[in-house]
Amino acid sequence: ITHDRRRAFRFAPSQSPGAAPFLARCGLGSAPGTIVFVERDGWSVRSTAAIQMARRLGFPWSLAVVARIVPAAIRDVVYRVIARHRLRWFGQRETCRIPTPEEVGQFL
């Protein structure tokens, strides 16, 4: 959300009522622990979803599209390792970040 300067993305926890219609459209049900990126013409999960999102954030994040040369199965293994260890590697906050009034509209 910090890097989405154009406010193009909408967010929802995968098990929330706001996410349910989008996940149902993708045939996913709930997708706990997995990032899902839903677009008008399709959807993607895990590493492909992260790449698709980064591509839309603009430079330098858009350079992540180069990772598409690596097969999705290999990218998804790396995705799972990072997801599993992210709190240990990047830290954990004592409290959840509260959206600013400008950001509230980005949540379903």
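About the criteria used
- Residues numbered from 1 in each chain as written.
- Predicted model: local features only at pLDDT ≥ 70, side-chain atom pairs only at ≥ 80, totals over all residues.
- Heavy atoms only, no water.
- Core = buried A, V, L, I, M, F, W, Y, C linked by side-chain atoms within 4.5 Å.
- Buried < 20%, exposed > 50% of the residue type's maximum accessible area, 1.4 Å probe, protein only.
- Contact = heavy atoms within 4.5 Å.
- Helix = DSSP H or I, 4+ residues; strand = E, 2+ residues; numbered from the N terminus.
- Polar contact = N/O pair within 3.5 Å; in protein donor to acceptor, adjacent residues only side chain to side chain.
- Pairing = 2+ DSSP bridges.
- Axes fitted to C-alpha atoms, helices over the stretch in contact; angles between N-to-C directions.
- Parallel < 35°, antiparallel > 145°, perpendicular 65-115°, else oblique.
- Salt bridge = Lys/Arg side-chain N within 4 Å of Asp/Glu carboxyl O.
- Patch = residues over 30% accessible without salt bridge, like charges linked within 9 Å, V, L, I, M, F, W, Y side chains within 5 Å.
- Areas by Shrake-Rupley, 256 points an atom, 1.4 Å probe, with all protein chains shown as cover.
- pLDDT = per-residue confidence, 0-100.

A. Quick peek at the nonpolar core. If you look at the biggest cluster of nonpolar residues, it comprises 5 residues: Phe9, Phe37, Ala49, Met53 and Leu57. Among residues more than four places away in sequence, those in contact with Phe9 are Asp4, Phe37, Met53, Arg56, Leu57 and Gln106.

B. Structural view of the side chain of Gln106. Residue position: Gln106 is located in the segment after α3 (72-90). In terms of polar contacts, Gln106 uses its side chain to reach the side chain of Asp4, at 3.1 Å. Apart from residues no more than four positions distant in its own chain, Gln106 is found in contact with Ile1, Asp4, Arg7, Phe9, Arg10 and Phe11.

C. The pairing of strand β1 (residues 36-39), seen in detail. Burial along β1 is one-sided: the residues Phe37 and Glu39 are buried and none of Val36 and Val38 is. Pairing of β1 with strand β2 (residues 42-45), which is carried by 4 bridges, proceeds in the antiparallel orientation. Its bridge partner being in β2, Val36 is matched across the sheet by Val45. Linking two consecutive strands that pair antiparallel, namely β1 and β2, is a turn of 2 residues.

D. Representation of the packing of helix α2 (residues 46-56) against α3 in the model. Where α2 contacts α3, the axes come no closer than 7 Å and their chain directions differ by 90 degrees. Viewed along their axes, α2 and α3 adopt a mutual orientation that is roughly perpendicular. Contacts between α2 and α3 involve Arg46, Ser47, Thr48 and Ile51 on the former and, on the latter, Ala72, Arg75, Asp76, Tyr79 and Arg80.

E. Examining the pattern of salt bridges more closely. Across all of its chains, the model carries 3 salt bridges by this definition. For Arg56, the salt bridge goes to Glu39, with nearest N and O atoms at 2.2 Å. With Arg56 in helix α2 and Glu39 in strand β1, this residue pair connects regions lying 17 residues apart in the sequence. Arg56 gets classed as partly exposed once you look at its relative accessible area, which sits at 26%. Look at Glu39 and you get buried, because its relative accessible area is 17%. As a salt-bridge pair, Glu103 and Arg97 come within 2.8 Å of each other at their nearest N and O atoms. Residue Arg97 is classed as partly exposed on the basis of its relative accessible area, which comes to 42%.

F. Highlighting a nonpolar patch on the surface. A surface patch of nonpolar side chains, amounting to about 1000 Å² of accessible area, comprises Val65, Val66, Ile69, Val70, Ile74, Val77, Val78, Val81, Ile82, Trp89 and Phe90. By secondary structure assignment, the location of Trp89 is in helix α3. Take Trp89: its relative accessible area is 47%, and that puts it in the partly exposed class.

G. Fine view of the confidence of the model for the chain. Summarising the model, the chain shows a mean pLDDT of 87, and 97% of its residues fall at 70 or more. Per-element confidence in the chain ranges from a low mean pLDDT of 83 for helix α1 (residues 20-25) to a high of 93 for α2.

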